[in-house]
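Each chain, written out:
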Amino acid sequence: MKIRSAPETGEDISTCFETGDFAALAYAHAPIGLVVTENRVIRDCNFAFAAMFGYRPDDLRDQLFARLYPSHAEFSNVRDRGVAQLRETNTYWDERIMARRDGTLFWCRVRGHSFTPDAPLGRAVWSFADLSQIRPYIPLTRREREIISLLADGLTSKEIALKLDISHRTVEVYRAKLLKKFAVNNTSGLLNCLAGVYQDHIVTRSDTK
């Protein structure tokens, strides 16, 4: 049943409880975003998913998923991520940056199940959870990402300077700006704020080419 005919009024919801037909009700009003895709086209979604991005379900149905990414390049680069895992276990999850209708960016957690494991992106169902409250989006430049990544590897400012072929002073300036940006007092606090960002299940804007 498409969400356009799913129970939405009080009368329709009461009918579901009287008949015990809860499938469409649960899908439409689940407190987490649910979306059914076919070859990365949104075939249907529930109210929570559409609202998360600032749309109504009718706005998104039969639209390419690319409209919900910060750029088409990022949509393309995420395409093959998790395909091997879906083929093997038919489960996948990651945390990635997406774009709302007004252009604001936010972190969300994505989980997927494919109905066509041999071609995982053929037909699938996904859940999306908004992580804005626990992981606000803070934009980073490419150089800032490089320095944070090297700090996370345990390198000193001098070692980072050699690695990036820049001056020790430049590394210190970037480090000071990062501490201010994340409102922390030291490198340990900075890395705690970004805990997990460089793990395998995190898709950041640095993954784009």
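Look above for the structure.
Note that the structure is a prediction, hence the values are computed from the model and not measured. (Residues numbered from 1 in each chain as written. Predicted model: local features only at pLDDT ≥ 70, side-chain atom pairs only at ≥ 80, totals over all residues. Heavy atoms only, no water.)

Visitor: Even after reading the chapter, I still don't get the overall build of the protein, so can you show me in this structure?
Guide: When you go through the protein residue by residue, the secondary structure sums to 10 helices and 7 strands. Summarising the internal contacts of the protein: among those between residues at least 6 apart in sequence, 47% fall at separations of at least 24. Working note: accessible area of the protein is about 11,700 Å², and carbon and sulfur atoms make up 51% of it. (Helix = DSSP H or I, 4+ residues; strand = E, 2+ residues; numbered from the N terminus. Contact = heavy atoms within 4.5 Å. Areas by Shrake-Rupley, 256 points an atom, 1.4 Å probe, with all protein chains shown as cover.)

Visitor: I tried to follow empty space enclosed by the protein on my own but got confused; where do I start?
Guide: Empty space left among the atoms is revealed by rolling a probe the size of a water molecule over them. Overall, the coordinates contain 2 cavities of 30 Å³ or more when judged by the stated rule. Empty space within the largest cavity amounts to approximately 200 Å³. Considering the residues around the largest cavity, the lining is formed by 14 residues, among which Arg 40, Tyr 69, Arg 96, Leu 121 and Trp 126 are closest to the centre. If you list the elements that add at least two residues to the lining of the largest cavity, you get α5 (72–78), β4 (92–99) and β6 (123–130). Across the lining of the largest cavity, the residue classes break down as 9 nonpolar, 1 polar and 4 charged. (1 Å grid on protein atoms, 1.4 Å probe; cavity = no way out; pocket = protein on both sides within 12 Å on 5 of 7 lines; lining within 4 Å. Points joined across faces, edges and corners; volume = space filled by probe spheres on them. Nonpolar A, V, L, I, M, F, W, Y, C, P; charged D, E, K, R; others polar.)

Visitor: I'm lost on the packing of aromatic side chains in this one. Help?
Guide: Aromatic ring pairs are defined here through the distance separating the ring centres and the angle between the ring planes. The full count for this structure, using the stated rule, is 9 aromatic pairs. Ring centres 6.3 Å apart and planes at 65 degrees place the aromatic pair Phe 65 and Tyr 69 in the edge-to-face group. When sorted by exposure, Phe 65 lands in the same class as Tyr 69, which is buried. Clustering of aromatic rings is evident, with ring pairs tying together Phe 49, Phe 53, Phe 65, Tyr 69, Phe 75, Phe 106 and Phe 128. In this arrangement the basic side chain of Arg 40 is found over the ring face of Phe 75, its NZ or CZ atom lying 3.7 Å from the centre. (Phe/Tyr/Trp six-rings, centres within 6.5 Å; stacked < 30°, edge-to-face > 60°. Buried < 20%, exposed > 50% of the residue type's maximum accessible area, 1.4 Å probe, protein only. Lys NZ or Arg CZ within 6 Å of the ring centre and 35° of its normal.)

Visitor: Sorry if this is basic, but what is going on with the packing of helix α8 (residues 157–164) against helix α9 (residues 168–181) here?
Guide: How two helices pack is summed up by the angle between their axes together with the distance between the axes. Where α8 contacts α9, the axes come no closer than 8 Å and their chain directions differ by 110 degrees. On the basis of their axis angle, the class for α8 and α9 is roughly perpendicular. In this structure, the crossing between α8 and α9 has a hand that is right-handed. Along its contact with α8, which presents Ser 157, Lys 158, Ile 160 and Ala 161, the element α9 presents His 168, Val 171, Glu 172 and Arg 175. In terms of residue class, the contact of α8 with α9 is made up of 3 nonpolar, 2 polar and 3 charged. (Axes fitted to C-alpha atoms, helices over the stretch in contact; angles between N-to-C directions. Parallel < 35°, antiparallel > 145°, perpendicular 65-115°, else oblique. Left-handed = near helix turned anticlockwise from the far one by under 90°.)

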